[in-house]
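# Fold and geometry: a report
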Amino acid sequence: DAKTTQPNSMESNEEEPVHLPCNHSTISGTDYIHWYRQLPSQGPEYVIHGLTSNVNNRMASLAIAEDRKSSTLILHRATLRDAAVYYCIRDRRAGTYKYIFGTGTRLKVLA
Amino acid sequence: EAQVTQNPRYLITVTGKKLTVTCSQNMNHEYMSWYRQDPGLGLRQIYYSMNVEVTDKGDVPEGYKVSRKEKRNFPLILESPSPNQTSLYFCASTQQGSVGELFFGEGSRLTVL
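Calculation criteria
Residues numbered from 1 in each chain as written. Chains lettered and ligands numbered in written order. Predicted model: local features only at pLDDT ≥ 70, side-chain atom pairs only at ≥ 80, totals over all residues. Heavy atoms only, no water. Pairing = 2+ DSSP bridges. Helix = DSSP H or I, 4+ residues; strand = E, 2+ residues; numbered from the N terminus. Buried < 20%, exposed > 50% of the residue type's maximum accessible area, 1.4 Å probe, protein only. Contact = heavy atoms within 4.5 Å. Patch = residues over 30% accessible without salt bridge, like charges linked within 9 Å, V, L, I, M, F, W, Y side chains within 5 Å. Areas by Shrake-Rupley, 256 points an atom, 1.4 Å probe, with all protein chains shown as cover. Salt bridge = Lys/Arg side-chain N within 4 Å of Asp/Glu carboxyl O. Buried area = accessible area lost by both parts, 1.4 Å probe. Polar contact = N/O pair within 3.5 Å; in protein donor to acceptor, adjacent residues only side chain to side chain. Nonpolar A, V, L, I, M, F, W, Y, C, P; charged D, E, K, R; others polar.

## As for the sheet that holds strand E3 (residues 19-25) of chain B
All names here are of chain B. The sheet built from four strands is open, its strands ordered E1-E3-E8-E7 with antiparallel pairing. Edge positions in the sheet fall to strand E1 (4-7) and strand E7 (65-66), since each of these pairs with one other strand and no more. By the bridge criterion, four bridges tie E1 to E3 in an arrangement that is antiparallel. Residue Asn 7 lies in a different strand from E3, and its bridge partner there is Thr 22.

Next comes the structure, spelled out in structure tokens:
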């Protein structure tokens, strides 16, 4: 199965770091890992992506396991505005060009 | 402003009445795609297009058609809608070949009675 797997939900306290895991055990060597989030009543929005190395941007960090079978999205200081559903996505680059979504993790941030 | 525009945003229709959901992007993207979102199932890809006149099936194409006659437009066609196509639909686009951001529209909520 080419899908990614994520926990259904997680909770975090405001201003604490959050680690959102994703399993993509069948990933191939040319697939990128993307993370998107979806706020209520909106379309998904891009957060970060990577291939092999860990990545940082202004929104988050992405840690990719050495064997690439899993990755973790890190929000360094969760805010109430970070409450959303977070999707881990395989971006297939070989052959068919598909973005394969997981079912997402609903993040609840507690004040 | 860079955007993906879907219409209609909300639609209630009846079984068997053909409908089209339009999607247009102003970023000159080659790649466009349609997803449906259902509770507990996340986003599932219906069809995608890598360029004009090039389309391919996603994971759940049954009951849907698409066309890509122009680069900016990628309409989703339901020839004979059924209640199991009641869902929230998203269109998305990105630059072909780049590993960058997938831009999503705001969604179209379709109810088939």
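Next, the rest of the story.
## Section: the environment of Val 21 of chain B
Residue and element names in this part refer to chain B. If you trace the backbone, Val 21 turns up in strand E3. Residue Val 21 is classed as buried on the basis of its relative accessible area of 4%. Apart from the residues lying within four places of it in its own chain, the contact partners of Val 21 are Asn 7, Pro 8, Trp 34, Pro 75, Leu 76 and Ser 108.

## Let's talk about a nonpolar patch on the surface
Residues and elements named next belong to chain B. A contiguous nonpolar surface patch, about 320 Å² in accessible area, is contributed by Ile 12, Val 14 and Leu 113. Examined against the element boundaries, Ile 12 turns out to sit in strand E2 (residues 10-13). Residue Ile 12 is classed as exposed on the basis of its relative accessible area, which comes to 63%.

## Notes on the interface of chain B and chain A
Between chain B and chain A, the residue contacts involve 27 residues of the former and 19 residues of the latter. Taking both partners together, chain B and chain A bury about 1700 Å²; carbon and sulfur atoms supply 58% of that area. Connecting chain B to chain A are zero salt bridges. One can count three residue pairs in polar contact (both at pLDDT 80 or more) joining chain B with chain A. Among the secondary structure elements, those contributing two or more residues to the side of chain B that touches chain A are strand E4 (31-38), strand E5 (42-51), strand E6 (54-57) and strand E9 (87-94) of chain B. Broken down by element, the side of chain B that touches chain A gets its largest block of residues, five residues, from E5 of chain B. For the side of chain B that touches chain A, a count of residues per class yields 10 nonpolar, 12 polar and five charged.

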